[in-house]
Amino acid sequence: MSGPREDLLTEPGPLVSGDLLVLPVKGKVPGVSAYSLLDGHRVWHVGLDGATVLGLAQGRAPGGVDVVTSTAARTHLWHLDGATGRRKAEPTILRDVPLGRRFEIYPTGTEGYTFVNLDPGGELPSYVALRRVTGW
């Protein structure tokens with residue numbers, strides 16, 4: 001699929017946040033874009049440091065969007081405002097988290113996340129539960 005300024009990607013699957021369709025995109029600035037479900041125009045785009053988008057999920061905060069990205073050096077969990085695409089907080093660095101090619105993200109508790117691997121080969125853990133670490 002193509003949008004007016006970028007190619008829309010179907011993997012990882014898009015999500016609906018309010019009246020917006022949020023999905024990964026590639027183009028001059030790869031990242032995530034939101035399109036209006038009412039008239040189809042692009043409402044916002046965020047580049048997320050040019051990293052590859054691995055996963056999208058409803059954020060912990062109402063209307064939020066969480067995005068997992070990866071570069072050669074790091075994997076991040078970004079916390080975005082679903083209405084504007086602006087960062088709600090600094091991205092969380094995911095160190096040594098065994099994520100498969102396909103996974104689901106679920107916010108748990110007040111500061112945790114559960115990642116469910118959709119690994120058909122069973123080589124990775126079925127799920128990984130994380131809690132925020134501060135002060136180290």
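Before reading further, recall that the structure is shown in the block above.
Predicted model only: the values in this text are computed from it and were never measured.

> Break down the overall build of the protein for me, with residues and values.
Check the secondary structure of the protein and you find 0 helices and 12 strands. In sequence order, the secondary structure elements of the protein are arranged as β-β-β-β-β-β-β-β-β-β-β-β. In terms of overall dimensions, the protein is globule-like: its C-alpha atoms have a radius of gyration of 15 Å, near the 14 Å expected for 136 residues. Taking the principal axes of the C-alpha coordinates as reference, the protein spans close to 40 × 30 × 25 Å. Look at the contacts in the protein between residues 6 or more apart in sequence, and 29% of them connect residues 24 or more apart. Just so you have it, the protein exposes about 8100 Å², and 52% of that area is on carbon and sulfur atoms. Separation between the mean location of the 14 positive side-chain charges and that of the 14 negative ones in the protein comes to 5 Å.

> Could you give an account of the sheet that holds strand β10 (residues 103-108), naming the residues involved and the relevant values?
In spatial order, the strands read β10-β11-β12; together these 3 strands make up an open sheet with antiparallel pairing. Unpaired on one side and paired on the other, β10 and β12 (127-131) mark the two borders of the sheet. Direction aside, neighbouring strands of the sheet carry axes that sit 20° apart on average.

> Which residues make up the pairing of strand β7 (residues 64-70), and what are the values?
Across the 7 residues that make up β7, a large majority, 6, are buried. Where strand β6 (residues 52-58) folds back onto β7 in an antiparallel hairpin, the turn is made up of 5 residues, including G63, whose phi is positive at roughly 80°. When β7 meets strand β8 (residues 75-81), the two strands line up antiparallel, connected through 7 bridges. By the bridge assignment, V67 is partnered in β8 with W78. As consecutive antiparallel partners, β7 and β8 are separated by 4 residues.

> Explain the pattern of salt bridges residue by residue, including any values.
Per the counting criterion, the structure on display carries 1 salt bridge. Across the pair D49 and R87 runs a salt bridge whose closest N-O atoms are separated by 3.9 Å. Taken together, the residues D49 in the loop between β5 (42-46) and β6 and R87 in strand β9 (residues 87-93) connect sequence positions 38 residues apart.

About the criteria used
- Residues numbered from 1 in each chain as written.
- Predicted model: local features only at pLDDT ≥ 70, side-chain atom pairs only at ≥ 80, totals over all residues.
- Heavy atoms only, no water.
- Helix = DSSP H or I, 4+ residues; strand = E, 2+ residues; numbered from the N terminus.
- Rg over C-alpha atoms; globule rule 2.2 N^0.38 Å.
- Contact = heavy atoms within 4.5 Å.
- Areas by Shrake-Rupley, 256 points an atom, 1.4 Å probe, with all protein chains shown as cover.
- Lys, Arg positive; Asp, Glu negative; His and termini not counted.
- Charge placed at Lys NZ, Arg CZ, Asp CG, Glu CD.
- Pairing = 2+ DSSP bridges.
- Axes fitted to C-alpha atoms, helices over the stretch in contact; angles between N-to-C directions.
- Buried < 20%, exposed > 50% of the residue type's maximum accessible area, 1.4 Å probe, protein only.
- Salt bridge = Lys/Arg side-chain N within 4 Å of Asp/Glu carboxyl O.

Fair warning: the whole summary comes from geometry, so function is off the table for now.
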